[in-house]
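Here's the letter readout for the chains.
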Amino acid sequence: MSQSILDIKNLHASVEGNDILQGINLAINLGEVHAIMGPNGSGKSTLAQVLAGHEAYEVTSGEVLYKGFDLIELDPEERAREGLFLAFQYPVELPGVNGMYFLKAALNAVRTHRGEEELDAADFMALVREKTGVLEVPKELLNRPVNAGFSGGEKKRNEIFQMTVLEPTLAVLDETDSGLDIDALRVVADGVNRLRRPENATLVITHYQRLLNYIVPDFVHVLSEGRIIKSGEKELALELEEKGYDWVKEHAGDGELVG
Amino acid sequence: MSKKYTTDNTQQFLDAFKLFKSSLNGDSTGLWEAKRAEAIKLFEEKGFPTTKHEEWKYTNVIPIVRNHFRPVISNDEFPVDAETVSRNGFGGDAYRLVFINGHFLPEHSTTKDLPDGVIVGSLGPAIREHTELIARHIASYSDSFEHSFATLNTAHIRDGGFVFIPKNVCLENPVHLLYITAPSEAVVVTYPRTLVITESGSQATIIEEFVGTELETYLTDSVAEAIVGENSHLSHIKIQHESREAYHVGASHALLERNANYFNNSISFGGRIVRNDPWAVLNGEGGHAAIDGLYLVGKDQLIDNHTSIDHRVPNCTSHELYKGILSENGHGVFNGKIFVQPDAQKTDSVQSNMNLLLSDNAEIDTKPQLEIFADDVKCTHGATIGRLDDNSIFYLRSRGIGVEQAQKMLTYAFATEVIEHIKDEAVQGYVKGLLDSRIED
Ligand SMILES: Nc1ncnc2c1ncn2[C@@H]1O[C@H](COP(=O)(O)OP(=O)(O)OP(=O)(O)O)[C@@H](O)[C@H]1O
Ligand SMILES: [Mg+2]
């Protein structure tokens, strides 16, 4: 039997007093890629931020088991050190924080947590060279302050680059494909596919079926008004693209779930 | 009528001056004598400013001037080893003049391989050799007499840095003036004096560095004057990391001639009460002044920056960026004056003061002061007071970086913009190191 990495049970969360997530259930096993699709404002990013531990989002009930332990109890940095990675929908600009320095600090935090030795500047550079090579990330991006003044596409690539270096166990990608041209999309998809191994898992949040041509998911879930209203295999994405969210809502018997 | 000056507390400075004067044993030139006499008289008349004085509203000088400070008469009392020097200051390639407790230390200084015509030396001996040149400039700019501490400094002129860069000479290495205050029996005051002259078409970087070796109470009362000649470039970097128990009052005056470029960067880390008064006067068309500063204000510290940029002629530009980081019960002040005189049409001036508050008990008073008497000018200014951004902290934490480290990284990032304006890479690296260790505390 495959091993569970993430198990979300009846998760409710609110932000600034508004209930956004209204009972999410989702189980992900190692080796799997899940996609979550849903209209604007349905709570996709809220779910991602809750998983990463943003303090503005309050979990009001339910539980999240990550590697079998209570994720909600952990600080954001502890989650990251345990191999959880969120590629932000809107990566934060950090003027004055050098990209290399930032990533080295992040990697060493993870390594220290795992009981591995910290990488020195030279070893880190070697690692970066290796990873930038395969990912075609312009080196200049790393010598600049993190995301400061980057274009939307550059920011997304930078998220994927960080992911590649940090090698997470569970990666959550929040609309990493939005706004990317097809070349950039391929770079992002390659990054994800390269990490696809039996010992990790990926949760891809997207608006567009297009991404799923490049990252083929094992399961697709439709999120609407804070709930997963339908789950299926990769064909569901195509159906969704063709018929729209309203069709899913009807088909799922939305009224019944809301009651 | 409100009392803008006080004569209390002046007597002990006058007594100390007598002591200083008798120690000179007639070893003094006529020029110094005249300047001294004029200055001490002025000081005696005026005394120290009170907080009723508009320029000293936030800085009560009483805690400083009630101390019985003594100038150090001879440096024989303080043998200094090379290690003390190298441990306490910038160690990169430089022409270096080291002063301890106000006295020049030739054995720790180096001015080897200076290009022809360049003078880098102690002001004391220089006055004999270059009397005319120095006399023409030193304490000649009336501004310096409005400020009681600057006046006191002038009365005590004896040693300090003298730098002269002749026409069209570009000095590659910076000139480093290291002013160290070391432990002493008495509560010490030093009066460092710096005079820099860059002739037309020349270029130089001057670092004034102030440091205390121990946690002691003392006063550094410094004045620097720069005459930035036509089309010359002068970078003037002040690095102040005095003892946390020390007082530091420092003024600088730069006079910019036609097409001159003057860059002043004032980095303040140390001191209990610190006052910085950088002045730049744009006196020839086409001049550009960049006046930058960084102040880290922590527990029980007050750092007061009073900057002035005076546009006297048309077609000059000025750019000012001051950033403050305030923690614990630290108190910071930024008062930025921009004068645009009636003739100074087409002035283009930008001023910005940004403050990062790391504690609820910290305090910042920020005030732009634009006095514009010309009509065809562009002057903008802005001030911000903010805290660390929660989303930025979260982003770092989401990558595994702990809260404390995330806060430090963002604090450091806030400050680096000012430091990165320092063009000399070795100096920039040195200041970044100092910043890093201050943030780590
Ligand atoms: N920090 C916040 N403060 C207030 N309301 C918020 C906040 N974050 C999200 N919301 C609200 O929660 C709801 C869900 O937002 P969320 O960002 O999770 O949607 P989404 O599915 O990611 O949308 P999109 O497709 O536009 O990215 C929206 O109504 C949004 O306005
Ligand atoms: Mg979203």
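Bear in mind that the values here come from a model prediction, so they are computed numbers and not experimental data.

A.B. asks: Any chance you could break down the overall build of chain B for me, citing the residues and the numbers?
C.D. replies: Helix and strand content of chain B: 10 helices and 23 strands. For chain B, the C-alpha radius of gyration of 21 Å lies close to 22 Å, the compact-globule estimate for 441 residues. For the C-alpha atoms alone, the extent of chain B along its principal axes is close to 70 × 60 × 50 Å. Relative to its full complement of 441 residues, chain B shows a buried share of 62%. Of all intrachain contacts in chain B linking residues separated by at least 6 positions in sequence, the fraction that spans at least 24 positions is 85%. Summed over its atoms, the accessible surface of chain B is roughly 16,700 Å², and 47% of this surface lies on carbon and sulfur atoms. Each charge class in chain B can be summarised by its mean position, and for the 39 positive and 61 negative side chains these summaries are 4 Å apart.

A.B. asks: Break down the interface of chain A and chain B for me, with residues and values.
C.D. replies: On the chain B side, the residues contacting the 32 residues of chain A number 17 residues. Taken together, both faces of the contact between chain A and chain B bury some 1,900 Å²; the carbon and sulfur share is 63%. Seen at the junction of chain A and chain B, the total is 4 salt bridges. Counting the contacts that link chain A with chain B gives 10 residue pairs in polar contact (both at pLDDT 80 or more).

A.B. asks: Run through the packing of helix 9 (residues 403-419) of chain B against helix 10 (residues 425-440) of chain B, naming residues and quoting values.
C.D. replies: Residue and element names in this part refer to chain B. Look at helix 9 against helix 10: their axes get within 10 Å of each other, and the N-to-C directions meet at 150°. When the axis of helix 9 is compared with that of helix 10, the two are roughly antiparallel. In this structure, helix 9 meets helix 10 at a crossing whose hand is right-handed. Residue-level contacts link Lys-408, Thr-411, Tyr-412, Ala-415, Thr-416 and Ile-419 of helix 9 to Gln-428, Val-431, Lys-432, Leu-435, Asp-436, Ile-439 and Glu-440 of helix 10.

A.B. asks: Account for the pairing of strand 4 (residues 57-66) of chain A, with residues named and values stated.
C.D. replies: Residues and elements named next belong to chain A. Bridge analysis of strand 1 (residues 4-15) against strand 4 gives 8 bridges, and the strand direction is antiparallel. For Leu-6, the partnering residue across the bridge sits in strand 4 and is Tyr-66. Between strand 4 and strand 5 (residues 69-70), which pair antiparallel and follow one another directly, the connecting turn spans 2 residues, one of which, Lys-67, has a positive phi of 50°.

A.B. asks: If you had to explain the domain arrangement of chain B to someone new, which residues and values would you point to?
C.D. replies: Residue and element names in this part refer to chain B. Partitioning chain B into domains gives domain 1 (10-284) and domain 2 (390-441). Measuring from the centre of the C-alpha atoms in domain 1 to the corresponding centre in domain 2 gives 30 Å. Counting residues at the interface gives 16 residues for domain 1, matched by 13 residues for domain 2. Interface area lost by domain 1 to domain 2 is led by Phe-90, Phe-263 and Phe-269, which between them contribute 42%. Run the count over domain 1 and domain 2 and you get 0 salt bridges. Summed over the shared surface of domain 1 and domain 2, the result is 4 residue pairs in polar contact (both at pLDDT 80 or more). Every element with two or more residues in the side of domain 1 that touches domain 2 is listed here: strand 11 (203-212), strand 13 (233-241) and strand 15 (261-268).

A.B. asks: Can you explain the site of ligand 1? Please cite residues and give values.
C.D. replies: All names here are of chain A. In the vicinity of ligand 1, 15 residues are found, and the nearest of them are Gly-41, Lys-44, Ser-45, Thr-46 and Gln-89. Side-chain polar atom of Tyr-57 to a nitrogen atom of ligand 1: 3.2 Å apart, as the coordinates give it. For ligand 1, the accessible surface in isolation is 630 Å², of which the surrounding protein chains cover 67%. Sort the elements by how many residues they give to the shell around ligand 1 and helix 1 (residues 44-52) lands first, with 3 residues. Its residues assigned to classes, the shell around ligand 1 comprises 4 nonpolar, 8 polar and 3 charged.

A.B. asks: Mind laying out the sheet that holds strand 17 (residues 288-297) of chain B, listing which residues take part and the relevant values?
C.D. replies: Residues and elements named next belong to chain B. The strand order across the open sheet formed by 10 strands is 5-4-8-11-13-15-17-19-21-23, and the pairing between neighbours is mixed. In the strand order of this sheet, the two ends are held by strand 5 (103-104) and strand 23 (378-386), each with one partner. By the bridge criterion, 7 bridges tie strand 8 (residues 175-181) to strand 11 in an arrangement that is parallel. Bridge pairing links Leu-178 to Glu-209 in strand 11. Strands in contact with helix 9 are strand 15, strand 17, strand 19 (317-326) and strand 21 (348-357); relative to strand 19, the strand with the most contacts, it is inclined by about 155°. Running over the sheet, helix 10 touches strand 11, strand 13, strand 15 and strand 17 and is turned about 25° from strand 13.

A.B. asks: Can you break down the confidence of the model for chain A residue by residue, with the values?
C.D. replies: Counting all residues, the mean pLDDT for chain A is 90, and 93% of those residues have values of 70 or more. Throughout residues 254-259 of chain A the model reports pLDDT below 50, and contacts reaching past four residues in sequence, or to other chains, amount to 6 contacts.

Parameters at a glance
Residues numbered from 1 in each chain as written. Chains lettered and ligands numbered in written order. Predicted model: local features only at pLDDT ≥ 70, side-chain atom pairs only at ≥ 80, totals over all residues. Heavy atoms only, no water. Helix = DSSP H or I, 4+ residues; strand = E, 2+ residues; numbered from the N terminus. Rg over C-alpha atoms; globule rule 2.2 N^0.38 Å. Buried < 20%, exposed > 50% of the residue type's maximum accessible area, 1.4 Å probe, protein only. Contact = heavy atoms within 4.5 Å. Areas by Shrake-Rupley, 256 points an atom, 1.4 Å probe, with all protein chains shown as cover. Lys, Arg positive; Asp, Glu negative; His and termini not counted. Charge placed at Lys NZ, Arg CZ, Asp CG, Glu CD. Buried area = accessible area lost by both parts, 1.4 Å probe. Salt bridge = Lys/Arg side-chain N within 4 Å of Asp/Glu carboxyl O. Polar contact = N/O pair within 3.5 Å; in protein donor to acceptor, adjacent residues only side chain to side chain. Axes fitted to C-alpha atoms, helices over the stretch in contact; angles between N-to-C directions. Parallel < 35°, antiparallel > 145°, perpendicular 65-115°, else oblique. Left-handed = near helix turned anticlockwise from the far one by under 90°. Pairing = 2+ DSSP bridges. Domains from an automatic or database assignment. Near = heavy atom within 4 Å. Nonpolar A, V, L, I, M, F, W, Y, C, P; charged D, E, K, R; others polar. pLDDT = per-residue confidence, 0-100.

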